[in-house]
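Close look at the chain arrangement
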Amino acid sequence: DTGVSQDPRHKITKRGQNVTFRCDPISEHNRLYWYRQTLGQGPEFLTYFQNEAQLEKSRLLSDRFSAERPKGSFSTLEIQRTEQGDSAMYLCASSGGRTGGYNEQFFGPGTRLTVL
Amino acid sequence: GQQLNQSPQSMFIQEGEDVSMNCTSSSIFNTWLWYKQDPGEGPVLLIALYKAGELTSNGRLTAQFGITRKDSFLNISASIPSDVGIYFCAGPPSGNTPLVFGKGTRLSVIA
């Protein structure tokens, strides 16, 4: 397995536009997480799925954000009506396979969002 | 919410020197994780710790799970230029929940 992949790696958009990011987890992992990271900070949890079920959303996930994992494999994170404060690195992670438990989360390379 | 405090925030060391950094929490953690992040990339898992007092190595890296379960330590021996990056500690506040991260220790290695 090649690990967690994310697409696109970079996205520049104008304020008010909608953007969608994709994450493909490690294939044997049933948990998938989205985190956001701003400069000088560690990643902050946004939401996570176990298979196709969205189990938890943080207070950071405003109603402009929506995430899906329709078939329990890849996931998408959509941000509607983007604001400049949404500029950040969006990280996806997965866990929960034969190797390691749920806590050992493996991250993708991230999508860097810049809102102008 | 839960916060993990990492120190130092940054450090500059000479190549070949040993490095120590730590992470503390105001509450008990049952798992401690250490990640390294290079610029523009996602964090890479280095070491996972599951038992108080546990000492685990990964090459030149050694991490310890503090006996109070409120802290963890990471040591790097004989640093090399590719050790440059940001080191994060992380853990689940309870059970198998999403991770909380510290703010990181930025390591610079001078050749």
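The following refers to the structure shown. (Residues numbered from 1 in each chain as written. Chains lettered and ligands numbered in written order. Predicted model: local features only at pLDDT ≥ 70, side-chain atom pairs only at ≥ 80, totals over all residues. Heavy atoms only, no water.)

Structural notes on the state of the cysteines
Put plainly, two cysteines are in a disulfide when a covalent bond ties their sulfur atoms together. Residue and element names in this part refer to chain A. Put simply, the rule reads: Cysteine sulfur atoms are paired as a disulfide whenever they come within 2.5 Å of each other. The helix count covers DSSP runs of H or I at least four residues long, the strand count covers runs of E at least two residues long, and both are numbered beginning at the N terminus.
Tallied over the entire structure, the rule returns two disulfides over all chains. A sulfur-sulfur separation of 1.8 Å characterises the disulfide bridge that pairs Cys23 with Cys92. A torsion of -70 degrees about the S-S bond marks the disulfide between Cys23 and Cys92 as left-handed. Here the residue Cys23 occupies a position in strand E3 (residues 19-24), and Cys92 occupies one in strand E9 (residues 88-95), the gap between them amounting to 69 residues.

A few points about the pattern of salt bridges
Residues and elements named next belong to chain A. The line we're drawing: A side-chain nitrogen of Lys or Arg and a carboxyl oxygen of Asp or Glu constitute a salt bridge if their distance falls within 4 Å. Using a 1.4 Å probe on the protein chains alone, a residue whose accessible area is under 20% of its type maximum counts as buried, one over 50% counts as exposed, and one in between counts as partly exposed.
This model, assessed by the stated rule, comprises six salt bridges over all chains. The partner of Arg64 in a salt bridge is Glu83, and the shortest N-O contact between them spans 3.4 Å. Of this pair, Arg64 sits in the loop between strand E6 (53-57) and strand E7 (65-68) while Glu83 is found in the loop between strand E8 (75-79) and E9, placing the two residues 19 residues apart along the sequence. Assessed through its relative accessible area of 40%, Glu83 is described here as partly exposed.

Side note on the sheet that holds strand E6 (residues 55-58) of chain B
Residue and element names in this part refer to chain B. The cut-off we apply is this: Two strands are said to pair when DSSP picks up at least two bridges between them. Orientation is described by axes fitted as lines to C-alpha atoms, over the contacting stretch for helices, and by angles from 0 to 180 degrees between their N-to-C directions.
Read from one edge of the open sheet, five strands run E1-E3-E8-E7-E6, paired in antiparallel fashion. Single-partner strands in this sheet number two, and they are strand E1 (4-7) and E6. On average, each strand axis in the sheet is inclined to that of its neighbour by 15 degrees, with strand direction left out of account. Bridging between E1 and strand E3 (residues 19-25) involves four bridges; their strand directions are antiparallel. Its bridge partner lying in E3, Gln6 is registered against Cys23.

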